[in-house]
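Listed here are the chains, written in short residue letters.
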Amino acid sequence: MSRIRVLHVHTLPVVSGSGINTYLTMKGMPGERFETALACAPGGRLNEIVREAGMDVHEVRNLVQPIHPLKDILALFEIIRIIRREKIDIVHTHNSKAGFLGRLAGKLAGTPVVIHTVHGFAFHQSEPLWRRTIFRLMEKLAAPWADHTIFISQPMIDWAREEGILRGTSYSKIYSGIDLDAFHGYGKEEQGKLREELGLGKGSRVIGFVSKLWEGKGHEIALHAMVRVAEEIPDAKLLLVGEGPLKPKLIELARKLGIEQSMVFAGFRTKIAEITSLCELCILPSFFEGMGRVLLEAGACGKPVVASRVGGIPDVIVDGVTGFLVPSGDPAALSEAVLRLMRDPGSAVKMGEAARKRINEKYDVRTMVREITGLYDTCLSLKGRATDQAGRLTGILNKRQRKRKVG
């Protein structure tokens, strides 16, 4: 029996929340039943780790992040060619750009099943009005092209319903999972070596911020909040984990604010559990998040989180139980919540343990993969029955036409 061939379509080849979700889904599929591959823009760490895991990557040369009418059309035809050449049974798309082009390509190529995962919407308030309008229209247009849509958090479902995107569509909620086995605690010896590497003293009280250094994640808000935190707790250090185009700007802002000595830029890291274990707490002051995978990783390490009350974040963080939720764009509220945890380490530890329990119960990658596998089977079964019924109906109609001709 031949394996079911699944093509995941993802926009950028970066190790982001949606990228890790896609990779873990691909990696977790039962290999005896499924053959999975990735279609993505060229280059990047995401493509590398997919190949290292023994799965194929089909690079789509014209798949770019900004709207580019000519390249978008060329990318559409590239994806159609891949689908037809590889005889794909299921096209599974991710993100707004890849979601639009991938869903359309799947339909035009006659793919049996097309599934889309909503990791977030591109028409949030941080975007200009013209972009919000275009992306909202694109989502409404593309929604019916998918046989089923997966949402990674309840707030995303609520938002889609408000926007009229769910009308006439099949959808479900499947929480984005993480590999819990990778987030065991690291001992003092391991932490000591990492502290030394990062230039952190034994007495440093570390606030972790794991995120790409991109617009929209709230890095400038974090730096402004750090001014007050450093005044009250001189040993506090803000540990920025990630790379991106904002780095020079953030270094300059830290200098202007006089908090250079309270900042540590750790760069890109693959061992997130190791570096998160150093932290007393973590923050995520984003202006928008579909869910926020780093929240899961912090919770799995037993760390409380202070995060913005936006997007899917309230679906992960229980305010006052596993961390604190604050308004986005508010440095004063962020600093106050951080200081509340740092003034009361005992409560911070209790919140961290509550976070670990919640993540273990709801966000295991094995649960995510099991639910997606079941969805694949259900969609293929429904499509197969619909095809059989259509075939029987066609046979009956042809038989009647032949009888008429004979008569």
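Residues numbered from 1 in each chain as written. Predicted model: local features only at pLDDT ≥ 70, side-chain atom pairs only at ≥ 80, totals over all residues. Heavy atoms only, no water.

Draft legend 1. Molecular detail of the pairing of strand 5 (residues 113–118). The buried count for strand 5 comes to 6 of 6 residues, which makes it a mostly enclosed element. Every second residue of strand 5 is oriented toward a common face, with Val-113, Ile-115 and Thr-117 on one face and Val-114, His-116 and Val-118 on the other, all of them buried. As judged from the 5 bridges shared by strand 4 (residues 90–94) and strand 5, these two strands associate in the parallel manner. By the bridge assignment for strand 5, His-92 is matched with Ile-115. After leaving strand 4, the chain enters helix 4 (residues 96–108) and then returns to the sheet as strand 5, a path that is right-handed. As paired elements, strand 5 and strand 6 (residues 148–151) share 4 bridges and run parallel to each other. Residue pairing for strand 6: Ile-115 is matched across the bridge by His-148. After leaving strand 5, the chain enters helix 5 (residues 129–142) and then returns to the sheet as strand 6, a path that is right-handed. (Buried < 20%, exposed > 50% of the residue type's maximum accessible area, 1.4 Å probe, protein only. Helix = DSSP H or I, 4+ residues; strand = E, 2+ residues; numbered from the N terminus. Pairing = 2+ DSSP bridges. Right-handed = clockwise from strand over helix to strand, strands pointing away.)

Draft legend 2. Layout of helix 5. Its 14 residues give helix 5 an end-to-end C-alpha distance of 20 Å, which sits within 8% of 20 Å, the value for a rise of 1.5 Å per residue. Every buried residue belonging to helix 5 is among Arg-131, Arg-132, Phe-135, Glu-139 and Ala-142, and all of these are buried. All buried residues of helix 5 project into a common sector of 110 degrees when viewed along the axis, lining one side. Exposed side of helix 5, more than 90 degrees from the buried face: Leu-129, Trp-130 and Leu-137 are the residues found there. (Expected span 1.5 Å × (residues − 1). Arc of directions from axis to C-beta.)

Draft legend 3. Local environment of the side chain of Glu-297. By the element assignment, Glu-297 lies in helix 11 (residues 293–300). Put simply, Glu-297 is tucked away with no salt bridge, and the nearest opposite charge, on Arg-293, sits 5.1 Å away. Beyond its immediate sequence surroundings of up to four residues, Glu-297 is in contact with Ile-178, Phe-183, Ile-272 and Thr-276. (Lys, Arg positive; Asp, Glu negative; His and termini not counted. Salt bridge = Lys/Arg side-chain N within 4 Å of Asp/Glu carboxyl O. Contact = heavy atoms within 4.5 Å.)

Draft legend 4. Fine view of the nonpolar core. Counting 69 residues, the largest nonpolar core has Ile-207, Leu-238, Ile-283 and Val-306 as its most contacted members. Other than its neighbours up to four places away in sequence, Ile-283 contacts Ile-207, Gly-208, Phe-209, Ala-222, Leu-238, Val-305, Val-306, Leu-334 and Val-338. By size, the runner-up hydrophobic cluster in this structure holds 26 residues, among which are Leu-46, Ile-90, Ile-174 and Tyr-376. (Core = buried A, V, L, I, M, F, W, Y, C linked by side-chain atoms within 4.5 Å.)

Draft legend 5. Up close: the pattern of salt bridges. Within this structure, the stated rule accounts for 29 salt bridges. Across the pair Arg-103 and Glu-139 runs a salt bridge whose closest N-O atoms are separated by 3.3 Å. Placement of the pair is Arg-103 in helix 4 and Glu-139 in helix 5, with a sequence separation of 36 residues. With respect to burial, Arg-103 and Glu-139 carry one shared label: buried.

Draft legend 6. Quick peek at the layout of surface pockets. In this structure, the second largest pocket encloses a volume near 160 Å³. For the second largest pocket, the full set of lining residues is Arg-3, Met-26, Lys-27, Met-29, Gly-31, Phe-34, Glu-35, Thr-36, Gly-54, Met-55 and Asp-56. Elements supplying a minimum of two residues to the lining of the second largest pocket: helix 1 (17–28) and strand 2 (34–40). When residues of the lining of the second largest pocket are assigned to their parent elements, the largest contribution, 3 residues, is made by strand 2. Looking at the lining of the second largest pocket, its residues break down into 4 nonpolar, 3 polar and 4 charged. (1 Å grid on protein atoms, 1.4 Å probe; cavity = no way out; pocket = protein on both sides within 12 Å on 5 of 7 lines; lining within 4 Å. Points joined across faces, edges and corners; volume = space filled by probe spheres on them. Nonpolar A, V, L, I, M, F, W, Y, C, P; charged D, E, K, R; others polar.)

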